[in-house]
Each structure stands twice: as structure tokens, then as C-alpha cells.
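Next come the chains, spelled out residue by residue.
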Amino acid sequence: MADYHIEVDVHQLKRHGQVVCGDVFHSKQIRAEGRTILVLSDGIGHGVKANVLATLTASMALNYTSFHTKPEVAANIFMRALPKSDGKESYATFTIIEIEDDGPVRIINYDNPKTILFRRGQIFEPTEFQIPIRGEENIGKILRIREFTPMPEDRIIFMTDGVVQSGLGSKRFPTGWELDNITHFAENQIAREYEISATKLARKILNQASMNDSFEIRDDASCGVIYFRKPREFMLITGPPFYKIKDTDFVQRIQEFPGKKIICGGTTAEIIAREMNLDVDIQHRFSEKTLPPAAKIKGFEIVTEGILTLGRVEEILENYNSDMRLGDSPPEVVVKLLIQHDIINIIVGTRINWAHQDPDQPVELEIRKFVVKRIVRLLESRFFKKVTVELV
């Protein structure tokens, strides 16, 4: 396995006055093949029409790339499929980034701004080659392709032209912000904070683009960052082991884990505290009125109630976006920790908690392992986390 984690985030701003963004980002992980595919498309114009064109382009680009279709063939197919209006050609730019575990990164670009690459904080320029798009109607249309083998601390910044053209006509940037200025800006951000996250760097670039247009962005703008970095490990423990005689082995395994740990479940916390001869300190200050308060045990980030908290965690993850500000309630703290880490180990105890078998209890009190299953699906598909689940 590669010795890095792939952190990805994309921020978008719609043109001032528009209801929807004309830029569309899609992603997919093909775990069986060890591939991650990212697509950013910018539809011509603004609003709903641009969004439809970009959505069609991003969806088809993602699917054809998944099937290993040659990019020049795939581009011909989905460019022909775009709807025509008033006899005019419909149009959408795109950037496809394909990442293989223990393999190369391939960046395929059609009319989007050139991607910016950093290696150890310095500009990195791998060889670029060009391929014409197939089809007579595509004469003169070129795909620009770059390939390289990633290393820890590499970064890829990709964007639409709303970022590059921000500030166009202003005194400071009469011809727009332009790629060189964006590169210099990103380089300074990395120099100030070498381990700056993908989320923070993408947000800073897009915030500056908005400032360039006096906070009324004139074109749909998207900025994505891919950051290859050392993975952070995390453990979530929920539920006691099925056999009571396994309690000591269960706790020893948890003690030996080197990363950060949390406990979701009062009975689980009691077993761990007993076996480790530690106190459970109830934290009475909390903001989630429908849930019991969190607690503290030495060596653990937080101790929460079990099934209700996990159900709320799943809700937050389902609706999460990078602009969301999380508070300090137990479920929000759990979500923060999950998002901050890359390799997540979940230990699910399978001993029945009879408190949750009362038929008068609300329907949402589902069996623990099914709630965990939904959380795992979200962490893998939406947040690119590597998750292992162990039933004990």
C-alpha cells in the first residue's frame, strides 16, 4: 500500500445573482482496482443551463474513465452527447484526475486552467503531452495530459476559469488574477503553514478570488486541492464484546492502539474504565439537549452515549459540507474527529444492550451494527476514508 493518504476537498462559488453553480464536481473510488477518479466540469454560460451541461459532462467523464476508455475516445462520445441549442454547439470544459494506489496520477485537461502542482512546497512541472480528441467535429480540440508518480507532501490544485478570471478589469488585476498569481499565492500559503489541509488551502484560494471581485464573483468558480500526506489513525469503540470473559483482551487491544480513541456507549466506557482502573468524569456542559452528556476517561478524546449518538453522527455526515461549522455537542465532536483522521478503525461490540430492545422506544433505535454500516459507507464514499470494522 502507498505510504500516504489522499486528502481531497473542493470549494465552489456560484456567480453573483445565480441560484445554482455552473461548475460540477464528481468523484468515485474503485476499491477493487485501487483507483480514485475526480472530475471537475465547467458548463458554458451560467445558471441552470451551465449546470446541466457540466453535470452531463462530469457524469460521463467519470463513467468512461471508470471503464478505462481512452480519454480521446471518451471525450468524443460525451461531447457529441451534449444537447445543441439554436444550432450552436453546447460546451463544457473538464479536468479528470485519476489516482492509482501505488501507481501514477494522470491529469487530463480540456480547456480548464492548468493544474498547479507542488512537491515539498516547490512548484513541480511533470512532462505534458497533447492528444487530439477523436471525431471530425472536434478538429483542433486538444486534451492536455500529465502523468507522474506521487510522493508524500505533493499537492495538486485544480480549478475553473472563474478563479483565474477573478478581478478582471480591476486596477490590481486588469487581466484577471491569472495562473502565475494564483501559484504564487498558494506557494505563500504553503510556506506559512507547511501542513495546510486541502480544505483550508482550497477555501483560501476561493476566498481571495471572491475578494478580487469585491465579494460578488462574476463567474462560477471552483477550486479543488489534493494533498498526499502521512495518514492519521483513529479508533472508535462502540459496544462491549459479546463474551464477558473477553473484556480484558478487548481493553488490552484498545490500550495498545497508538492513535486517538473515542468511546460511544456507556456500558463500553464502564468496562474500559474498570479494566484500566480509571475514573469516568461526566461533562455536564453540553449543547445537544436530546442526548446524555459526554464524559471523559484519561487517554480518550471523548466518551458519549452509544446508539443515539451514532445515529446523529450518521445524520450529520449525510448532510455535511465543507462550509458547515460544527459545534461542541457529542455527535459533532465525533464527526470532527472522524473527518480529521484518515484510517479509521471501528470496533463494534456485539453484546446486546437490553435498554434498546423496548418496543416502546422510537424506531430510530436500530441495532448498532447497522448504524455503523451506514457511517462506514459515508466515510468511504464521501470522505475517502480507509475504514476497517471489527466485530467482537
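Up top you'll find the structure we're talking about.
Treat the numbers as computed from the prediction; the structure is a model and nothing was measured.

### Some words on the overall build of the chain
The number of helices and strands found in the chain is 10 helices and 18 strands. The C-alpha extent of the chain, read off along each of the three principal axes, is 70 × 45 × 45 Å. Evaluated residue by residue, the chain yields a buried proportion of 49% over its 392 residues. Intrachain contacts of the chain at a sequence separation of at least 6 include 69% that bridge at least 24 residues. When the accessible surface of the chain is summed, it comes to about 19,400 Å², and 51% of that surface belongs to carbon and sulfur atoms. With 51 positive and 55 negative side-chain charges, the chain shows a separation of 1 Å between the mean positions of the two kinds.

### Digging into the pattern of salt bridges
As enumerated under the stated definition, the model contains 19 salt bridges in all. The closest approach of N and O atoms between Asp 342 and Arg 229, which form a salt bridge, is 2.5 Å. Linking Asp 342 in the loop between helix H9 (330-340) and strand E17 (343-348) with Arg 229 in strand E11 (residues 221-229), this pair joins segments that are 113 residues apart in sequence. Arg 229 matches Asp 342 in its accessibility class, with the two residues each being buried.

### Thoughts on helix H7 (residues 266-276)
Thr 268, Ala 269, Ile 271, Ile 272 and Ala 273 are the residues of H7 that are buried. If you follow the buried residues of H7, they end up packed against strand E12 (233-238), helix H6 (247-256), strand E13 (260-264) and strand E16 (303-304). One or two residues past the end of H7 sits Asn 277, with phi positive at roughly 55°.

Reading the values: the criteria
Residues numbered from 1 in each chain as written. Predicted model: local features only at pLDDT ≥ 70, side-chain atom pairs only at ≥ 80, totals over all residues. Heavy atoms only, no water. Helix = DSSP H or I, 4+ residues; strand = E, 2+ residues; numbered from the N terminus. Buried < 20%, exposed > 50% of the residue type's maximum accessible area, 1.4 Å probe, protein only. Contact = heavy atoms within 4.5 Å. Areas by Shrake-Rupley, 256 points an atom, 1.4 Å probe, with all protein chains shown as cover. Lys, Arg positive; Asp, Glu negative; His and termini not counted. Charge placed at Lys NZ, Arg CZ, Asp CG, Glu CD. Salt bridge = Lys/Arg side-chain N within 4 Å of Asp/Glu carboxyl O.

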